[in-house]
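Survey of secondary and tertiary structure
So you can see what is in the structure, the chains are spelled out below.
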Protein chains: 2
Amino acid sequence: MISADDFKQAFRLHPSGVALITADPGDPVAFTASSVSAVSADPPLLMFSVSALSSSALSLRLADTVVVHLLAADNLDLAILGAHRGADRFADTTRWRRLPTGEPVFNDVHTWLRARILHRIDAGGSTVFVGTAIESASGSGEPDDGLVYRNRTWHRLAPDSVVRVPELAGSQSA
Amino acid sequence: MISADDFKQAFRLHPSGVALITADPGDPVAFTASSVSAVSADPPLLMFSVSALSSSALSLRLADTVVVHLLAADNLDLAILGAHRGADRFADTTRWRRLPTGEPVFNDVHTWLRARILHRIDAGGSTVFVGTAIESASGSGEPDDGLVYRNRTWHRLAPDSVVRVPELAGSQSA
């Protein structure tokens, strides 16, 4: 087993997309997660993990459903709100509403998915969640540029960050 | 449950870091994964998922250990190699070596971690893996710019993609 410092150093430079996850198992919770990814499209399954150190961890373990907001660069304020220890995420009631099913949804997010938790796996005090997407919403048109977190810094994926792919030997154009 | 198309559409625009995962449970396998993330630093746990559609899926379920290469922008060729269906990832023997423990490691990758698989969770035919990092290696100096995949496009995280963070009300400078 490697040290926590070596492990953090290794992952510090690994980029990630950014999501805001909300739930309401009694009291509403919202936190920023860099661990959301798709597991399978058919059935539609996603996963994320929550650190034991997160103030939302205990509440989240009680939730049957969550809303996963996939954040774009223009949602940076929401990413910061959900990552800011001690911030009252729900103080500004003009920024969010409740779904008929009770979960909080923040405004101005292009894409969100509501998921039913299928597995909760204990992993060193943290928890890995796997959920089935049971509802999704997307705004019209293309969303804003992508938002990425790496090395304690936020990045915007704009057209000028695109890398041209070299021609692969043996690959064919369509 | 939402449709596979709606689910894919939602996640298409969610950015991710890129890793090359290798193992050798008899025959060596290597595949590109966009689902790697840290779960916990103490103990040092990471997770990733493998689609049931991946040619590496069956072999990987037999592996006790894997090597997770965290790829930077200059490793784009490795990312493409591990994602290219039907490519022989090990044909060029100058590009990789074996660890004393048997797993293949590709050259010119700044950071890799060797992990022992702790949990394999079936999820709709795909598999979620949670592993404990038992060894890591990092090149000297800072690695190259980050590599990100989004919307079937590769991005380089360069200094000009950094987003300035607006001052948070109530936050204090250190």
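Focus: the environment of B:Arg98
Residue and element names in this part refer to chain B.
- By the element assignment, arginine 98 lies in strand E7 (residues 96–98).
- Residue arginine 98 is classed as exposed on the basis of its 12 C-beta neighbours within 10 Å.
- With 60 residues separating them in the primary sequence, arginine 98 and alanine 38 have C-alpha atoms 25 Å apart.
- Arginine 98 has contacts with Glu103 and Pro104, leaving out every residue within four places of it along the chain.

So, the interface of chain A and chain B
- Listed per partner, the contact involves 64 residues of chain A and 64 residues of chain B.
- Ranked by residues supplied to the side of chain A that touches chain B, first place goes to strand E10 (residues 126–138) of chain A with nine residues.

Brief notes about the relation of the copies chain A and chain B
- Here chain A sits on chain B after a turn of 180 degrees about the axis and a move of 0.0 Å along it, with an RMSD of 0.0 Å. Considering both components of the superposition, the chain copies are consistent with a two-fold axis. The position closest to the rotation axis in chain A is occupied by the C-alpha of A:Ser16, lying 2.4 Å away.

What counts, and at which threshold
Residue numbers restart at each chain and count upward from 1, following the sequence in its written direction. All chains are assigned letters beginning with A, and all ligands numbers beginning with 1, in the order in which they are written. Local features are withheld for residues below a pLDDT of 70 in this predicted model, meaning they are given only at 70 or higher, and side-chain atom pairs are given and counted only at 80 or more; totals for whole chains, interfaces and linings count all residues. What counts as a helix is a DSSP run of H or I of at least four residues, what counts as a strand is a run of E of at least two, and both are numbered from the N terminus. To assign burial, the other C-beta atoms lying within 10 Å of each residue's own C-beta are counted, with C-beta atoms placed from the backbone; 20 or more indicates buried, 12 or fewer indicates exposed, and intermediate counts indicate partly exposed. Two residues form a contact once the distance between their C-beta atoms, set from the backbone, is within 7 Å. A least-squares superposition brings the copies together, and it is based on the C-alpha atoms of residues with pLDDT no lower than 70 in both.

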